Amino acid sequence: EGAGASRQPMPCEIDPHTRMGAVSLVVSDLSRSCEYYEQAIGLAVLERDGERASLGAGGRELLELVEVAGARAVRAATGLFHVAYLLPEREDLGIWLSHAIDARVSLEGASDHFVSEALYLRDPDGHGIEVYADRPRSLWEGHVDATMNTTPLDLPSLLALAEGRDGRYGGMPDGTVVGHVHLQVADIASTIAFYAGVLGFGLMAEIQGTAAFFGAGGYHHQIAGNTWNSAGRAPAPDGFAALRQLTIVLPDDQARSDVRRRLDHHGIDVHEREDGLAVRDPSGTLIVLS
């Protein structure tokens, strides 16, 4: 289901306290993935039962892993580009980078986006991961579109923050959250129509019709979508290591009712579930509004 392009959009703005919740991923080998997320990323296993595991930081669930034995990696499909774990302080990012070097964790990239500093990598099934820290909000709030860019990250400056620390890496600190989820989408126009025009996120920035960034309450982005590997594509079929669902956490029942009213207005199918309202975006990604 799409965002109902033939209908006039309702004026809307999602509650500014909206945040991201846990992300659920299919993996091919649960034991291998749990070991990776514990030892390389620094998440803790909160619960494990059969083919499912819950992981997080500070007792908060950030990631669900569901095993489908033999699931294959996928790139050219809609779904996940990366899950981004936001650390509380820049020092935490420096400590994580020092840990990654000590543990020989393979990184794919390191970028300064001005609004944030970020490190990129992939898990054993090819799921994209970002570990990042925000720059002070006062530097970029209100002009994200003019300031968010990509330049090389100052790695020595980050590593200097970790100098003198004692002992082994203690894992991602309390206060770590899923800061944003970056998606692979089929096209940008329908993505903007859905996330901005229906759900009510602000369109914070757009890159030449190939990527868009959406934020609540002035944040640089809680959701992003790009077509770099997925233009015109469909979600991965069963049997692939893919995104199962992402969670958007609304602060109260009123905020959820407001979003539900807009979804109904646009004729988008919504399913009531125990964990929230389930809906698919125009590219087929399952979203739970909790």
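This structure is a prediction, so every number in the text was calculated from the model and none was measured. (Residues numbered from 1 in each chain as written. Predicted model: local features only at pLDDT ≥ 70, side-chain atom pairs only at ≥ 80, totals over all residues. Heavy atoms only, no water.)

Enquirer: Just to check I follow, could you spell out the overall build of the protein for this structure?
Expert: Across its full length, the protein carries seven helices and 19 strands. Compactness check: the protein gives a C-alpha radius of gyration of 18 Å against a globular reference of 19 Å for 290 residues, within 12% of the reference. If you line up the protein on its principal axes, its C-alpha atoms span 60 × 45 × 35 Å. Taken across its 290 residues, the protein has 51% of its residues classed as buried. Summed over all atoms, the accessible surface of the protein reaches about 13,000 Å², with 47% contributed by carbon and sulfur. Once the 23 positive and 41 negative side-chain charges of the protein are each reduced to a mean point, those two points are 3 Å apart. (Helix = DSSP H or I, 4+ residues; strand = E, 2+ residues; numbered from the N terminus. Rg over C-alpha atoms; globule rule 2.2 N^0.38 Å. Buried < 20%, exposed > 50% of the residue type's maximum accessible area, 1.4 Å probe, protein only. Areas by Shrake-Rupley, 256 points an atom, 1.4 Å probe, with all protein chains shown as cover. Lys, Arg positive; Asp, Glu negative; His and termini not counted. Charge placed at Lys NZ, Arg CZ, Asp CG, Glu CD.)

Enquirer: Would you mind going over the environment of H82 with me for this structure?
Expert: Tracing the backbone shows H82 in strand β6 (residues 79-86). With relative accessibility at 5%, the residue H82 sits in the buried group. Filtering out sequence-adjacent residues up to four positions away, H82 remains in contact with Y120, G128, I129, E130, H180, V181 and H182. A distance of 2.9 Å separates the side chain of H82 from the side chain of E130, its partner in a polar contact. (Contact = heavy atoms within 4.5 Å. Polar contact = N/O pair within 3.5 Å; in protein donor to acceptor, adjacent residues only side chain to side chain.)

Enquirer: Any chance you could explain unusual backbone geometry here in plain terms?
Expert: Across the chain, the bulk of peptide bonds are trans and the bulk of non-glycine residues have phi less than zero. You will see that R104, though not glycine, has its phi angle at about 55°, which is positive. With a relative accessible area of 77%, R104 lands in the exposed category. The phi dihedral of Q208 falls on the positive side, at around 45°, and the residue is not glycine. Along the polypeptide, Q208 turns up in the loop between β12 (202-207) and β13 (211-215). Take Q208: its relative accessible area is 77%, and that puts it in the exposed class.

Enquirer: Would you take a moment to explain the environment of D29 for this structure?
Expert: When you line up the elements, D29 lands in the loop between β1 (19-27) and α1 (30-41). Overall, D29 belongs to the partly exposed group, its relative accessible area being 33%. D29 sits 219 residues away from I248 along the chain, and the two C-alpha atoms are 27 Å apart. A distance of 3.2 Å separates a polar atom in the side chain of D29 from the backbone nitrogen of S31. Only 3.1 Å separates the side chain of D29 from the backbone nitrogen of R32, close enough to count as a polar contact.

Enquirer: Explanation requested: the packing of aromatic side chains in the structure shown.
Expert: Aromatic ring pairs are described here by two measures, namely the spacing of the ring centres and the angle between the planes. A complete count under the given rule lists five aromatic pairs for this structure. Seen from their ring centres, W140 and Y219 are 5.9 Å apart, and the 75° between their planes marks the pair as edge-to-face. Highlighted residues: W140 in helix α3 (residues 137-140) and Y219 in the loop between β13 and β14 (223-226), separated in sequence by 79 residues. One exposure class covers both W140 and Y219, and it is buried. Seen in terms of ring centroids, F194 and Y195 are 4.9 Å apart; in terms of plane orientation they differ by 90°. Their pairing is edge-to-face. (Phe/Tyr/Trp six-rings, centres within 6.5 Å; stacked < 30°, edge-to-face > 60°.)

Enquirer: Help me understand the pairing of strand β7 (residues 109-112) in this model?
Expert: Put simply, side chains in a regular strand alternate between the two faces of the sheet. In this sheet, strand β8 (residues 116-122) lies alongside β7 in antiparallel orientation, the contact comprising four bridges. Looking at the pairing, S111 lines up with A118 of β8. The hairpin turn running from β7 into β8, its antiparallel successor, is three residues long, and F114 in that turn takes a positive phi close to 70°. As paired elements, β7 and strand β10 (residues 151-152) share two bridges and run antiparallel to each other. If you follow S111 over to β10, its bridge partner there is P152. (Pairing = 2+ DSSP bridges.)

Enquirer: Looking at this structure, how should I read helix α7 (residues 253-265)?
Expert: Residue pairs spaced three or four apart in an α-helix point in one direction, given the helix's 3.6 residues per turn. Taking 1.5 Å per residue, 13 residues should reach 18 Å; α7 reaches 18 Å between its end C-alpha atoms and fits that length. Where α7 is buried, its residues contact α6 (188-195), β18 (276-280) and β19 (286-289). The N-cap of α7, judged by a side-chain oxygen 3.2 Å from the amide nitrogen of Q254 a few residues on, is D252. One or two residues past the end of α7 sits G267, with phi positive at roughly 70°. (Expected span 1.5 Å × (residues − 1).)

Enquirer: Whenever I open this one, the sheet that holds strand β11 (residues 177-184) confuses me. Can you help?
Expert: The strands that make up a sheet are held in pairs by hydrogen bonds between backbone atoms, and each pair lies either parallel or antiparallel. The sheet built from nine strands is open, its strands ordered β10-β7-β8-β9-β6-β11-β14-β13-β12 with mixed pairing. Looking at strand neighbours, the two that pair on one side only are β10 and β12, the edges of this open sheet. Taken together, the seven bridges between β8 and strand β9 (residues 128-134) define a ladder with antiparallel strand orientation. Bridging across to β9, A118 finds its partner in Y132. In the packing of helix α2 (residues 90-102) onto the sheet, the strands contacted are β8 and β9, and the crossing angle to β8 comes to about 30°. (Axes fitted to C-alpha atoms, helices over the stretch in contact; angles between N-to-C directions.)

Structural measurements only, silent on function.
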